Amino acid sequence: MAKRSPYETGELSDSIFLILLATLEPVYGYRIMQSIEESTDGAVKVGPATMYTTLKKLKQAGWIVETAEDDKRILYAATDEGRAVLERDFARRKRLVAFAEDRLNGRGEEDHG
(Lines give C-alpha, C1' and ligand atoms only; values in the text may rest on other atoms or scores of the structure.)
Protein backbone atom coordinates (compact mmCIF):
# COMPACT_ATOMS: atom_id res chain seq x y z
CA MET A 1 0.00 0.00 0.00
CA ALA A 2 1.39 3.39 -1.00
CA LYS A 3 2.24 5.84 1.72
CA ARG A 4 -0.29 8.66 1.85
CA SER A 5 0.82 12.23 1.36
CA PRO A 6 0.89 14.75 4.23
CA TYR A 7 -1.58 16.72 2.10
CA GLU A 8 -3.99 13.78 2.45
CA THR A 9 -3.32 12.87 6.09
CA GLY A 10 -2.72 16.31 7.59
CA GLU A 11 0.37 14.93 9.35
CA LEU A 12 2.79 17.57 8.20
CA SER A 13 6.54 17.30 7.77
CA ASP A 14 8.54 19.90 9.65
CA SER A 15 9.16 21.92 6.48
CA ILE A 16 5.48 21.89 5.49
CA PHE A 17 4.50 22.83 9.06
CA LEU A 18 6.95 25.76 9.19
CA ILE A 19 6.09 27.04 5.72
CA LEU A 20 2.36 26.91 6.43
CA LEU A 21 2.95 28.57 9.81
CA ALA A 22 4.82 31.40 8.08
CA THR A 23 1.77 32.11 5.90
CA LEU A 24 -0.54 32.98 8.80
CA GLU A 25 0.10 36.53 7.65
CA PRO A 26 0.62 37.38 3.96
CA VAL A 27 4.26 36.81 3.09
CA TYR A 28 6.39 36.32 0.00
CA GLY A 29 8.53 33.26 -0.65
CA TYR A 30 12.01 34.56 0.07
CA ARG A 31 10.83 36.02 3.38
CA ILE A 32 9.41 32.61 4.36
CA MET A 33 12.87 31.06 3.98
CA GLN A 34 14.44 33.88 6.00
CA SER A 35 11.87 33.76 8.80
CA ILE A 36 12.18 29.98 9.21
CA GLU A 37 15.94 30.20 9.48
CA GLU A 38 15.74 33.17 11.87
CA SER A 39 13.01 31.74 14.10
CA THR A 40 14.82 28.40 14.47
CA ASP A 41 18.21 30.06 15.09
CA GLY A 42 19.52 28.41 11.93
CA ALA A 43 18.51 24.89 12.99
CA VAL A 44 16.13 24.62 10.02
CA LYS A 45 16.93 25.94 6.58
CA VAL A 46 14.45 25.52 3.76
CA GLY A 47 15.93 25.85 0.31
CA PRO A 48 14.15 27.47 -2.63
CA ALA A 49 13.30 24.19 -4.40
CA THR A 50 11.67 22.72 -1.29
CA MET A 51 9.92 25.95 -0.45
CA TYR A 52 8.42 26.66 -3.87
CA THR A 53 7.41 23.01 -4.39
CA THR A 54 5.74 23.06 -0.97
CA LEU A 55 3.98 26.36 -1.70
CA LYS A 56 2.64 24.89 -4.94
CA LYS A 57 1.32 21.80 -3.13
CA LEU A 58 -0.14 23.89 -0.30
CA LYS A 59 -1.95 25.97 -2.89
CA GLN A 60 -3.25 22.85 -4.69
CA ALA A 61 -4.51 21.50 -1.35
CA GLY A 62 -6.40 24.74 -0.75
CA TRP A 63 -4.40 25.52 2.38
CA ILE A 64 -2.89 28.76 1.06
CA VAL A 65 -3.79 31.32 -1.57
CA GLU A 66 -1.86 33.90 -3.50
CA THR A 67 -3.20 37.15 -2.12
CA ALA A 68 -1.48 39.78 -4.23
CA GLU A 69 1.67 40.75 -5.98
CA ASP A 70 3.93 43.21 -4.24
CA ASP A 71 6.73 44.62 -6.41
CA LYS A 72 6.57 41.52 -8.65
CA ARG A 73 6.62 39.17 -5.65
CA ILE A 74 3.70 36.88 -4.92
CA LEU A 75 2.28 37.05 -1.42
CA TYR A 76 0.99 33.83 0.12
CA ALA A 77 -1.55 33.55 2.93
CA ALA A 78 -3.09 30.60 4.78
CA THR A 79 -6.75 29.90 4.17
CA ASP A 80 -9.16 28.99 6.99
CA GLU A 81 -8.70 25.36 5.98
CA GLY A 82 -4.91 25.75 6.08
CA ARG A 83 -5.10 27.28 9.55
CA ALA A 84 -7.31 24.38 10.73
CA VAL A 85 -4.84 21.81 9.35
CA LEU A 86 -2.01 23.66 11.08
CA GLU A 87 -3.87 23.73 14.40
CA ARG A 88 -4.62 19.98 14.21
CA ASP A 89 -1.01 19.15 13.39
CA PHE A 90 0.20 21.42 16.19
CA ALA A 91 -2.06 19.55 18.64
CA ARG A 92 -0.62 16.24 17.35
CA ARG A 93 2.91 17.55 17.85
CA LYS A 94 2.09 18.65 21.41
CA ARG A 95 0.82 15.14 22.20
CA LEU A 96 4.07 13.66 20.85
CA VAL A 97 6.14 16.04 22.95
CA ALA A 98 4.09 15.26 26.09
CA PHE A 99 4.57 11.54 25.48
CA ALA A 100 8.31 12.02 24.99
CA GLU A 101 8.58 14.14 28.16
CA ASP A 102 6.79 11.45 30.17
CA ARG A 103 9.05 8.71 28.83
CA LEU A 104 12.25 10.71 29.23
CA ASN A 105 11.30 11.60 32.80
CA GLY A 106 10.66 7.94 33.63
CA ARG A 107 6.88 8.23 33.83
CA GLY A 108 4.79 5.63 32.11
CA GLU A 109 7.40 2.88 32.28
CA GLU A 110 5.51 1.00 35.00
CA ASP A 111 2.97 0.13 32.29
CA HIS A 112 5.69 -1.57 30.24
CA GLY A 113 7.80 -3.21 32.92
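Residues numbered from 1 in each chain as written. Predicted model: local features only at pLDDT ≥ 70, side-chain atom pairs only at ≥ 80, totals over all residues. Heavy atoms only, no water.

**A short note on the overall build of the protein chain**
- In terms of helices and strands, the protein chain carries 5 helices and 3 strands.
- Overall, the protein chain shows an N-to-C arrangement of helices and strands of α-α-β-α-α-β-β-α.
- For a compact globule of 113 residues, the expected C-alpha radius of gyration is about 13 Å, and the protein chain comes in at 17 Å, more than 25% above that figure.
- If one aligns the C-alpha atoms of the protein chain with their principal axes, the spans along those axes are about 60 × 35 × 25 Å.
- Counting every position in the protein chain, which comprises 113 residues, the buried fraction comes to 27%.
- When contacts within the protein chain are restricted to residue pairs at least 6 apart in sequence, long-range pairs at least 24 apart make up 52% of them.
- For the protein chain, the exposed surface amounts to about 7700 Å²; the carbon and sulfur share of it is 51%. (Helix = DSSP H or I, 4+ residues; strand = E, 2+ residues; numbered from the N terminus. Rg over C-alpha atoms; globule rule 2.2 N^0.38 Å. Buried < 20%, exposed > 50% of the residue type's maximum accessible area, 1.4 Å probe, protein only. Contact = heavy atoms within 4.5 Å. Areas by Shrake-Rupley, 256 points an atom, 1.4 Å probe, with all protein chains shown as cover.)

**Details of the packing of helix α2 (residues 14–22) against helix α3 (residues 29–39)**
- Viewed as axis vectors pointing N to C, α2 and α3 meet at an angle of 115°, and their least axial separation amounts to 10 Å. Comparing their axes, α3 and α2 come out roughly perpendicular. By crossing handedness, the relation of α2 to α3 is classed as right-handed. Taken together, the residues of α3 that come into contact with α2 (itself represented by Leu18, Ile19 and Ala22) are Ile32, Ser35 and Ile36.
- Classifying every residue of the contact of α2 with α3 by side-chain character gives 5 nonpolar, 1 polar and no charged. (Axes fitted to C-alpha atoms, helices over the stretch in contact; angles between N-to-C directions. Parallel < 35°, antiparallel > 145°, perpendicular 65-115°, else oblique. Left-handed = near helix turned anticlockwise from the far one by under 90°. Nonpolar A, V, L, I, M, F, W, Y, C, P; charged D, E, K, R; others polar.)

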